[in-house]
Each structure stands twice: as C-alpha cells, then as structure tokens.
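Secondary and tertiary structure notes
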Amino acid sequence: MMLSRPGRALRLTAVAAAASLALAACGSGDDAPAEGEGLGDLTVQLSWIKNAEFAGEFMADSKGYYADAGFGDVTFNAGPGATENLVASGEADFGLTNAVTVGQVVANEDAPIKIVGTTFQKNPFTILSLKDGANIETVEDLKGKKIGVQDGGNGLLFAALLAANGLTEDDVEIVPVQYDPQPLVNGEVDGFLAYVTNESIIVSSQGEEVTNLLFADNGLPFVAESVIATDETIAERPEVVKAFLEAEIKGWTDACADLEGGAKLAVEEYGADLDLDLAKEVEQNTIQCEDLINTDETAESGIFTISDELLAQNMATFEAAGIDAAQEDVFDLSLLQELLDEQPELKG
C-alpha cells in the first residue's frame with residue numbers, strides 16, 4: 001500500500017535543475033534511441049513494497065508488455081520513498097503516487113513533474129479504527145481522538161483531510177507511528193491512517209471488526225497510484241510516455257481479469273522475499289480492481305483515464321486543502337488521449 005509515501009523531505013527546488021540536465025541528456029543527443037529503435041531500460045518507482053498493489057505492473061512485466069512496447073530491462077524500485085524527488089531527479093523514469101502530494105510539491109517546490117494517467121480513480125486512504133474501540137464513522141468523531149499518522153507525506157494528507165472538513169490539528173492528538181497498524185490493535189491510538197486495501201485487511205484478518213473513514217467519501221476525493229513523469233520526458237520523449245502507458249493498461253487489464261494470478265505474481269515472484277499471504281493479496285487485488293480502478297466512467301473511456309468531472313473534484317480537493325496549483329500544472333493527459341485515439345482497443 002502506498003500510504004502517500006510521497007516526498008518525505010522533498011528538496012525539489014534543488015533537484016529541478018539536475019532533473020532537467022539529466023533528462024535532457026537521455027532525451028537528446030547521439031545516444032538517444034530514435035523512435036522505433038528501442039526505448040532503453042525502464043526504472044519505475046513504486047509507492048510501496050512489492051505486493052499486490054502493483055499486480056498490473058508485475059503482469060505487464062511478466063507478460064512482456066514493456067518489452068513489446070520497446071523497453072529493455074525493467075527495474076521496480078520498492079517504496080516508500082520520495083517518489084516525486086526520484087522522478088524529478090531522473091533516478092526513475094516514472095513513479096506512482098497520488099494527486100494531493102503531486103499538487104503539494106508542484107505548488108510549493110515548482111516540481112517539474114505531471115500526472116499522465118492514473119490507476120486508482122478513487123483514493124484508498126482511510127482513518128482505520130476498531131468497531132469495538134473508537135469506531136470513527138464520521139469526521140466529527142475524530143475530535144479529541146489519538147490518530148496515528150506516519151511522518152512525511154501522510155502528515156500532509158491528514159492535514160488536508162482536517163482542512164477540508166473545517167478542522168485543525170488542535171482538534172485531534174496526532175501520534176507518530178510507522179506503517180504497522182499494531183498500535184491501533186494494541187489500543188495505543190484510536191485511529192490509524194491507512195489504506196483500505198492494505199492495513200484494513202490486515203487488521204480484519206486478526207479477527208477485529210474495523211471501521212473505515214474514507215478520505216474520498218469525506219471531502220477529499222483525489223486520484224491515486226497515479227503515473228508521474230517529468231515535463232522534460234513529456235515534451236521531449238512522448239513516445240516513451242505512450243509506450244509505458246500502453247504496457248500499464250494491458251498489465252492492469254490482465255491483473256483485474258485474473259485477480260488471483262496478479263496476486264500470485266507478487267507473492268511468488270516479485271515480492272517473494274516479503275512472506276506475503278496469498279489470501280490477503282488476492283483480497284487486496286480484488287478490492288482495488290472492483291472498487292478503485294474499474295468504474296462506470298472507465299468502462300466507457302478506458303482505465304487510466306481521468307474524466308473532466310473527476311479532474312474538477314481533484315481541483316476542489318486542492319482548494320479545500322490549501323494547495324495553490326492550477327490543473328494544467330499538475331495534470332497532462334494529452335499523451336494518454338493520443339494513445340487511446342491511436343489504439344482504441346485499449347479502452348477494453
């Protein structure tokens with residue numbers, strides 16, 4: 001699960017110039033592959049550990065969709081980490097993150113990155129609580145509660161949730177935690193910032209009945225597991241962006257058609273050293289495919305697209321969270337649209 005894992009200690013002002021130089025080097029000159037000659041190796045910065053959250057990426061790799069699109073060796077770097085920083089500096093070609101974090105770093109650091117498509121139409125962030133404990137069902141229920149919040153990007157997201165609902169950090173007691181939800185089970189906190197597709201499943205599997213206060217249903221709808229690329233890549237190497245999105249769409253189409261198969265790739269191959277539980281990973285892939293990725297809108301327009309209505313919701317979230325960023329500074333879906341116009345069969 002991603003858990004915003006966005007840019008802890010992002011220093012994007014400093015890296016922006018480096019990113020421009022690094023990406024200019026790989027985007028022009030004698031060493032740059034011409035279109036059709038191969039697109040070079042590919043590095044993808046994941047937002048979390050190599051679990052079923054990335055079943056589509058693993059499916060795309062295992063079925064050769066990246067290779068078919070023109071890429072050489074593929075490297076998946078596990079998170080959490082400063083995804084925006086790593087992409088902006090050229091250490092990763094693409095990264096997976098969420099719109100609020102991208103909006104923050106674009107607004108505050110003038111980060112040279114944009115969202116070019118999204119896996120999750122609905123973000124999975126939640127305040128997780130125990131039904132026989134604090135049972136946090138509404139935003140009002142947060143008042144006076146101890147809420148476990150991870151450092152870095154998750155802190156930004158929680159502050160945004162409060163701001164969007166007219167609350168401040170003075171209304172709650174924020175307790176620094178890591179990503180393991182055990183402090184919630186132990187009663188050390190009343191609520192825990194989590195993913196409904198990850199920690200919520202983990203706690204439920206321990207026999208606890210849980211309550212989820214979903215960000216998306218409580219004033220903070222935004223896309224997540226969104227693909228980011230640098231402005232330089234978008235402008236100078238559009239064929240690379242389109243090739244990556246093509247492979248991603250194919251991979252996620254297959255991962256959602258074969259829920260267990262996508263989960264097995266995480267358990268048995270890509271995350272084999274993590275001792276993942278197959279049943280949990282299948283449940284995670286099922287929830288994300290059925291509730292977060294495939295919607296009525298994507299059934300018509302195709303996965304990875306973002307409708308005008310959803311873009312407007314993201315911008316309303318930015319405003320509620322105090323993020324001063326224009327839509328065109330955060331989103332560039334033009335290459336995705338070109339791809340779908342050229343290959344309408346990708347819409348499914």
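Quick summary incoming for the structure in this document. Each chain carries its own residue numbering, running from 1 in the direction its sequence is written. The predicted nature of this model means local features are confined to residues of pLDDT at least 70 and side-chain atom pairs, given and counted, to a pLDDT of 80 or more, with totals for whole chains, interfaces and linings taken over all residues. Side-chain numbers here rest on the full set of heavy atoms in the structure, without hydrogens or water.

Our focus in this paragraph is a negative patch on the surface. Here, patches come from residues exposed beyond 30% relative accessible area and free of salt bridges, joined within 9 Å for like charges and within 5 Å for nonpolar side chains (Val, Leu, Ile, Met, Phe, Trp, Tyr). Per-residue and other accessible areas were derived by the Shrake-Rupley procedure at a 1.4 Å probe size, with only the shown protein chains allowed to occlude residues. A pairing counts as a salt bridge when a side-chain nitrogen of Lys or Arg comes within 4 Å of a carboxyl oxygen of Asp or Glu. Only four residue types enter the tally: Lys and Arg on the positive side, Asp and Glu on the negative side, with His and both chain ends excluded. Charge coordinates come from a single atom per side chain, which is NZ of Lys, CZ of Arg, CG of Asp or CD of Glu. A cluster of acidic residues, Asp296, Glu297, Glu300, Asp308 and Glu309, forms a negative patch at the surface. Among the secondary structure elements, those contributing two or more residues to the negative patch are helix H13 (296-301) and helix H14 (308-320). Numbered from the N terminus, helices here are DSSP runs of H or I no shorter than four residues, and strands are runs of E no shorter than two. The greatest single-element share of the negative patch, amounting to 3 residues, is contributed by H13. Here glutamate 309 is to be found in helix H14. Relative accessible area serves as the criterion here: at 60%, glutamate 309 is assigned to the exposed category. The cut-offs for exposure are 20% and 50% of the maximum accessible area for each residue type, with area from a 1.4 Å probe on protein chains only; residues under the lower value are buried, those over the upper are exposed, and the others partly exposed.

With that settled, consider the sheet that holds strand S4 (residues 113-120). Strand order across the open sheet formed by 5 strands is S2-S1-S3-S10-S4, with mixed pairing between neighbours. Of all the strands in the sheet, the pair left with one neighbour each is strand S2 (71-77) and S4. Mean inter-strand twist for the sheet, computed between neighbouring axes without regard to direction, equals 25°. Bridging between strand S3 (residues 94-97) and strand S10 (residues 224-230) involves 3 bridges; their strand directions are antiparallel. When DSSP finds two or more bridges between a pair of strands, those strands are recorded as paired. All axes here are fitted lines through C-alpha atoms, helices being fitted over the stretch that makes contact, and every angle between N-to-C directions spans 0 to 180 degrees.

It is worth spelling out H14 at this point. Across its 13 residues, H14 extends 18 Å between first and last C-alpha, which sits within 8% of the 18 Å expected from 1.5 Å per residue. Taken residue by residue, H14 has Leu310, Leu311, Asn314, Met315, Thr317 and Phe318 as its buried positions. Here the buried residues of H14 occupy an arc of 150° about the axis, which is enough to place them on one side. Turned more than 90 degrees from where H14 packs its buried face, Asp308, Glu309 and Glu319 sit exposed. To estimate the expected span of a helix, subtract one from its residue number and multiply by 1.5 Å. This arc is taken over the directions from the axis of the helix to the C-beta atoms.

Two quantities define a packed helix pair, namely the angle between the helix axes and the distance between the axes. Running from N to C, helix H2 (residues 55-62) and helix H11 (residues 259-270) point in directions that differ by 80°, and their axes come no closer than 8 Å. As judged from the angle between their axes, H2 and H11 are roughly perpendicular. The segment H2 lies against H11, with Ala55, Phe58, Met59, Asp61 and Ser62 engaging Gly261, Gly262, Leu265, Ala266 and Tyr270. Of the residues in the contact of H2 with H11, the class split is 6 nonpolar, 3 polar and 1 charged. Oblique is the label for any angle not covered by the other classes, which are roughly parallel (under 35 degrees), roughly antiparallel (over 145) and roughly perpendicular (65 to 115). Contacts are assigned to residue pairs with any non-hydrogen atoms lying within 4.5 Å of each other. Gly falls in the polar group here, along with every residue not listed as nonpolar (Ala, Val, Leu, Ile, Met, Phe, Trp, Tyr, Cys, Pro) or charged (Asp, Glu, Lys, Arg).

This part covers the pattern of salt bridges. A complete count under the given rule lists 9 salt bridges for this structure. A salt bridge links glutamate 342 to lysine 242; its shortest N-O distance comes to 2.9 Å. In this pair, glutamate 342 sits in helix H16 (residues 334-342) while lysine 242 sits in helix H10 (residues 238-257), placing the two residues 100 residues apart along the sequence. Across the pair lysine 264 and glutamate 260 runs a salt bridge, and its minimum N-O distance is 3.6 Å. Highlighted residues: lysine 264 and glutamate 260, both in helix H11, separated by 4 residues, approximately one helical turn. What makes lysine 264 partly exposed here is its relative accessible area of 32%. Judged by its relative accessible area of 40%, glutamate 260 is partly exposed. The network of salt bridges with shared partners includes Lys242, Glu338 and Glu342.

As a further point, take the state of the cysteines. Cysteine sulfurs are considered disulfide-paired once they come within 2.5 Å of each other. Overall, the coordinates contain 1 disulfide when judged by the stated rule. Paired by a disulfide, cysteine 256 and cysteine 289 hold their sulfur atoms 2.1 Å apart. Taking the torsion about the S-S bond as the criterion, the cysteine 256 to cysteine 289 disulfide, at about -80°, is left-handed. One end of the pair, cysteine 256, is in helix H10; the other, cysteine 289, is in helix H12 (residues 278-293), and 33 residues separate them in sequence.

Aromatic ring pairs are defined here through the distance separating the ring centres and the angle between the ring planes. Stacked, tilted and edge-to-face are the three classes applied to pairs of Phe, Tyr and Trp rings, where Trp contributes its six-membered ring and a pair requires centres within 6.5 Å; stacked means planes under 30 degrees apart, edge-to-face means over 60, and tilted covers the rest. Evaluation of the coordinates by the stated rule reveals 11 aromatic pairs. Geometrically, the ring pair formed by phenylalanine 94 and phenylalanine 244 is stacked, given 4.2 Å between the ring centres and 5° between the ring planes. One end of the pair, phenylalanine 94, is in strand S3; the other, phenylalanine 244, is in helix H10, and 150 residues separate them in sequence. The exposure class of phenylalanine 94 is buried, given its relative accessible area of 1%. The rings of Phe54, Phe58, Tyr66, Phe76, Phe94, Phe244 and Tyr270 are connected pair by pair, giving a single aromatic cluster.

In this section: the sheet that holds strand S5 (residues 125-130). On the basis of which strands lie adjacent, the open sheet formed by 5 strands has the order S7-S6-S8-S5-S9 and mixed pairing. Lying at the two open borders of the sheet, with one neighbouring strand each, are strand S7 (173-177) and strand S9 (210-214). Taken pair by pair, the neighbouring strands of this sheet meet at an average axis angle of 35°, ignoring direction. As judged from the 2 bridges shared by strand S6 (residues 146-150) and strand S8 (residues 191-195), these two strands associate in the parallel manner. In the strand pairing of S8, isoleucine 147 is matched with glycine 191. Strand contacts of helix H6 (residues 153-164): S5, S6, S7 and S8, with the helix running at about 135° to S6, the strand carrying the most contacts.

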